[in-house]
Every structure is written in C-alpha cells, then in structure tokens.
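Coordinate analysis (summary)
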Amino acid sequence: MNKTIRKISSIAAAVILTAACSTSCGTMKKTSGQTETSTSKKAKESSSSKKTTDGKTTKVTASAELAEKISGEWQIIKAGNTVLPITDEMPYINFDPTENRFYASDGCNIINGDFTATTEGNVIFQHVLSTLRMCPEIENQEAISGVMQDNKSYTVVLSKSATTPDVTILTLRNPQNKDVLTMRRSDMSFLNGYWQVVKIGDKSYDNPEMNLFFDIPAMKVHGNTGCNYFNGDIYTDPKVGASLNFGQMGVTRMACYDQGVESSMLVALEQVTSARPDSNGNALLNDSNGTTLIVLKHMDAPADE
C-alpha cells in the first residue's frame, strides 16, 4: 500500500507568542492550536505524587479515572465570583492525562507544568512555569495565574451546564471551600471508541471497513474510508455545545474501486461542526445548519487494529 500522505484540509495556524521570558521558560509546545511553553518531560509516578503543604510533604495517590474525566481543554469563564467577558482569546487550561501535563493561558501568559489528579478528588499543580509578559489591560489575569502555582491543591467539582446540556462545567474549589476557577467545555466523551459509518447523507452503507476511531482525551481521530486509511485532529469550541471539527487530516493514496464513496465520506467530515448521540445510541455528525451528514454506530475494534 502506498503510504504517501496527502493533506485534504487544515485548521487555524498556531498563535505566535511574542513575550519576554526568563531562561526557565523551556521550549515551545503547540497544543490545540495554541503555541505554548513546555519544559523537558519529567518522570511521573504512576500511582502517587507528593504535595507540600505548610512545609510538610504528604504522599497522595493518583487517580487515572479523575485525570481522564478532566482531560482536554477547558475554557475559563469565571475567576472567583467574577464572570469573564466572552472574547476570541479566552483563558483556558488543557489537561493531558497521558503525560500528566497541563497547558494553560491566563489571557496574557502561557503557563504549563505537571498535575496530579488524586483519589480524594483533588487536582494538584506542580513544576509550574510561565512566560513573563506584562498585560495591565487584561483583568483577572493574576487571579487566574495565581491558581496554577506549585503544589496548590483544589477540589474538582464536575457538573452539567443548566442552560446547555452538551456543556460540562469544571469548578476548582480551594481548601476554604471557595470557587477559584469555573471552566466549561463541550462534552464529546460519548464519541470515544470505534464507530462504523452506516449512513452518509441519504445513502446507507453496511461495510465494517468504513469506520472511525475517536480518541477524545488526545483529541485525535483515525479511520478507514472502506479503501484508504486516514487520521487527523479533533477540535471543539468550548463556547458552543456539541462542537466538533476535524483538521490536519491525512489519507493514504491507494486506488479505490468506488472512489465516489471515499470522496463523499471525506467531504462530509470536512463539513462537520457538531456531534450528538441519538436515542438508539448512534452518533450523528452534523453541519452548521444542523443537517446530519454522517450516522455512526458502535462497533468492536477492527481485526487489523
């Protein structure tokens, strides 16, 4: 099989950070369309971490389950009791459970470091680094960055938005039981796993080789058109419920018996802007008008996986 990859689409270029930075800021890492600072990778304890409180060291047990629940990018909508204005460049935190790393923005500076999600329901920030820009025009910057400090621990509270059911709310609560940050994201966790494409537009299909695999924590997708393999990135807009877009898609170039089917599938994927489950457990991939472009049903992992 010819493994040459061709681009079929691309999504927004990285934001270029021009900032004064101390020598400890580390190298740059690009995550979810943002350019961010990153230190060299550290060895992580798989089952425990250490938290320093008032000069004392306490051993805590890590929770892979909680890390998975908070994985992905969260848009910060409140700092303490202050509601943040909606802008194109909202502050955010992105938790990556595969490396126990977080990447964030306070609206001015890029912040990153390690985190531990614990069995007690807390998240602990560690080894935190930040760029050092001065942004006096950005309100609440210090309130946001002040949360992400070395060895700060917060209780994690997860809930659903009262106005938008597809949006999940993450609140970080300090030891004094006060909410310090409130965040939101579109909840696409129901998509995680393997799916067979059973309908494109108004045409039905029964070919298990036409499939997609969603890795929501990593924000990646790969699959097969029934002929060629493809892979790419997943993007969501935290401001929009059920938001889903595909980008940076690449596909192998093997000649196909029915080129039209492959073209229909790839074009439909490019037009997807949202995803919702239906009452039968299927997933509906829709365009900006709410029209269903692709219908998916759960499937076992393909034999070649």
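Calculation criteria
Residues numbered from 1 in each chain as written. Predicted model: local features only at pLDDT ≥ 70, side-chain atom pairs only at ≥ 80, totals over all residues. Heavy atoms only, no water. Helix = DSSP H or I, 4+ residues; strand = E, 2+ residues; numbered from the N terminus. Buried < 20%, exposed > 50% of the residue type's maximum accessible area, 1.4 Å probe, protein only. Contact = heavy atoms within 4.5 Å. Pairing = 2+ DSSP bridges. Salt bridge = Lys/Arg side-chain N within 4 Å of Asp/Glu carboxyl O. Phe/Tyr/Trp six-rings, centres within 6.5 Å; stacked < 30°, edge-to-face > 60°. Disulfide = S-S within 2.5 Å.

1. Quick word on the side chain of S71
Within the element layout of this structure, S71 appears in the loop between helix 1 (64–69) and strand 6 (72–79). Classification of S71 as buried rests on a relative accessible area of 6%. S71 has contacts with F95, P97, R185 and P217, leaving out every residue within four places of it along the chain.

2. A short note on unusual backbone geometry
Despite not being glycine, N151 shows a phi value in the positive range, around 65°. Relative to the assigned elements, N151 resides in the loop between helix 2 (141–145) and strand 12 (153–160).

3. Some details on the pairing of strand 17 (residues 210–215)
Of all six residues making up strand 17, five are buried, and the element is well covered by its neighbours. Sheet topology note: the strand 15 (residues 193–200)/strand 17 ladder contains four bridges and is antiparallel. Pairing of Y194 across the sheet is with F213, part of strand 17. The pairing of strand 17 with strand 18 (residues 220–225) spans six bridges and is classified as antiparallel. Across the sheet, the residue bridging to D215 is K220, located in strand 18. Counted along the chain from strand 17 to the antiparallel partner strand 18, the turn is four residues long, and its residue M219 has a positive phi close to 55°.

4. Quick notes on the pattern of salt bridges
Using the criterion set out here, one finds four salt bridges in the structure. Notably, a salt bridge pairs E65 with K69, separated by 3.7 Å at the nearest N-O pair. Note that E65 and K69 are positioned in helix 1 at a spacing of four residues, about one turn of the helix. Assessed through its relative accessible area of 44%, K69 is described here as partly exposed. Between D114 and R101 there is a salt bridge, and its shortest N-O distance comes to 2.8 Å. Taken as a pair, D114 in strand 10 (residues 110–117) and R101 in strand 9 (residues 101–105) lie far apart in primary sequence, 13 residues in all. A single burial state applies to D114 and to R101, both of which are buried.

5. Brief notes about the packing of aromatic side chains
Scanning the entire structure with this criterion turns up six aromatic pairs. Each ring, one from F102 and one from F125, has its centre 5.0 Å from the other, and the planes form 75°; the classification is edge-to-face. One end of the pair, F102, is in strand 9; the other, F125, is in strand 11 (residues 122–130), with 23 residues separating them in the sequence. For the pair shown, F102 and F125 are each scored as buried. By the ring-pair criterion, three or more aromatic residues cluster together here, those being F95, F102, F115, F125 and Y154.

6. Things to note about the state of the cysteines
For the coordinates displayed, the defined rule picks out two disulfides. Paired through a disulfide, C108 and C135 show a sulfur-sulfur distance of 1.9 Å. On the S-S bond that ties C108 to C135, the torsion sits near 65°, and the link is right-handed. Separated by 27 residues along the polypeptide, C108 in the loop between strand 9 and strand 10 and C135 in the loop between strand 11 and helix 2 bring together distant segments of the chain. Just as C108 is buried, C135 falls in that class too. Each sulfur in the disulfide pair C227 and C256 lies 2.2 Å from the other. Every disulfide takes its handedness from the sign of the S-S torsion; for C227 and C256 that torsion is -95°, giving left-handed.

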